[in-house]
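What follows is the residue order along each chain.
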Amino acid sequence: MGITPDTGTTTSSGGGPFYVKSTASGSHLLQIDGYSIAKHAPNGASLKSCPFMVGGYRWMLHLFPNGDGPASSGFISVFNGLYKYFKRGRVSLQVELSFVDEVEKQNPAHVRTRQVLELYGNYGVGYRRFIAREALENSKHLKGDRLTLRCDFIIGVR
């Protein structure tokens, strides 16, 4: 994972421009070995990555093999969130969650096209219905019994 500082970036979150003190970018891989066992987890049960650092913050990926709630049962849910509550204002980020073999989605130019999101405190972002389990099991993304997701970030601190 690489971190590249860049200062003085102006961007927009839909509500008008704001000034970002600094930005950092990075990525993290979440590899699930033994998907055939993990897929039997009950709805709402998650697998978590080890905490990792990007942009001076500790993050964690959460993968729910059978959805994060009743409305997403039968789907893979995946979220990226701050590992610990923080009080240093807002964190603005652009994030792309993809399968490791979807290289076109991992290009920094593509990640910069994603909506700018603002996180406060202990919130996260992701997809309740990232992919249907049946679609995943019939796709090229499941390699043997291994599933690997990649999370790419561009983070700005206001």
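Residues numbered from 1 in each chain as written. Predicted model: local features only at pLDDT ≥ 70, side-chain atom pairs only at ≥ 80, totals over all residues. Heavy atoms only, no water.

A. Up close: the overall build of the chain. Each helix and strand counted, the chain has 3 helices and 10 strands in total. Listing the helices and strands of the chain from first to last along the sequence gives β-β-α-β-β-β-β-β-α-β-β-α-β. Residue burial in the chain is summarised as follows: out of 158 residues, 43% are buried. Across the chain, contacts joining residues at least 24 apart in sequence account for 66% of those joining residues at least 6 apart. Counting only carbon and sulfur atoms, one obtains 52% of the accessible surface of the chain, whose full area is about 8,400 Å². (Helix = DSSP H or I, 4+ residues; strand = E, 2+ residues; numbered from the N terminus. Buried < 20%, exposed > 50% of the residue type's maximum accessible area, 1.4 Å probe, protein only. Contact = heavy atoms within 4.5 Å. Areas by Shrake-Rupley, 256 points an atom, 1.4 Å probe, with all protein chains shown as cover.)

B. Representation of the side chain of His 28 in the model. Note on placement: His 28 falls in strand β2 (residues 17–33). Contacts of His 28, omitting those with residues within four sequence positions, involve Ser 49, Cys 50, Phe 52, Leu 61, Leu 149, Arg 150 and Cys 151.

C. Focus on the packing of aromatic side chains. For the coordinates displayed, the defined rule picks out 6 aromatic pairs. Each ring, one from Tyr 57 and one from Trp 59, has its centre 6.4 Å from the other, and the planes form 65°; the classification is edge-to-face. Judged by its relative accessible area of 4%, Tyr 57 is buried. Chaining the aromatic ring pairs together yields one cluster made of Phe 52, Tyr 57, Trp 59 and Phe 153. (Phe/Tyr/Trp six-rings, centres within 6.5 Å; stacked < 30°, edge-to-face > 60°.)

D. Just the pairing of strand β5 (residues 57–64), in detail. The buried fraction of β5 is high, at 6 of 8 residues. Relative to β5, strand β3 (residues 47–48) is paired through 2 bridges, and the arrangement is antiparallel. Residue pairing across strands places Lys 48 opposite His 62, the latter belonging to β5. Looking at chain direction, strand β4 (residues 52–54) and β5 are connected through 3 bridges and run antiparallel. Among the inter-strand pairings, Phe 52 is bridged to a residue of β5, identified as Trp 59. A loop of 2 residues connects β4 with β5, the two strands running antiparallel in sequence, and Gly 55 in this loop sits at a positive phi of about 65°. (Pairing = 2+ DSSP bridges.)

E. The arrangement of the pattern of salt bridges in detail. A full pass over the atoms with the stated rule returns 5 salt bridges. With a shortest N-O distance of 3.1 Å, Asp 68 and Arg 128 are connected by a salt bridge. In this pair, Asp 68 sits in the loop between β5 and β6 (75–82) while Arg 128 sits in strand β9 (residues 124–132), placing the two residues 60 residues apart along the sequence. Close ionic contact of Lys 143 with Asp 101 constitutes a salt bridge, the shortest N to O distance being 3.6 Å. Of this pair, Lys 143 sits in the loop between α3 (133–137) and β10 (146–157) while Asp 101 is found in the loop between β7 (91–99) and α2 (108–111), placing the two residues 42 residues apart along the sequence. The exposure class of Lys 143 is partly exposed, given its relative accessible area of 48%. (Salt bridge = Lys/Arg side-chain N within 4 Å of Asp/Glu carboxyl O.)

F. Structural detail: the environment of Leu 97. Inspection of the secondary structure assignment puts Leu 97 in strand β7. The exposure class assigned to Leu 97 is buried, which follows from its relative accessible area of 5%. The sequence separation of Leu 97 and Gly 126 amounts to 29 residues, and the corresponding C-alpha distance is 7.7 Å. When near neighbours in sequence (up to four residues on either side) are disregarded, Leu 97 contacts Leu 61, Val 78, Gly 126, Tyr 127, Phe 130, Arg 150 and Cys 151.

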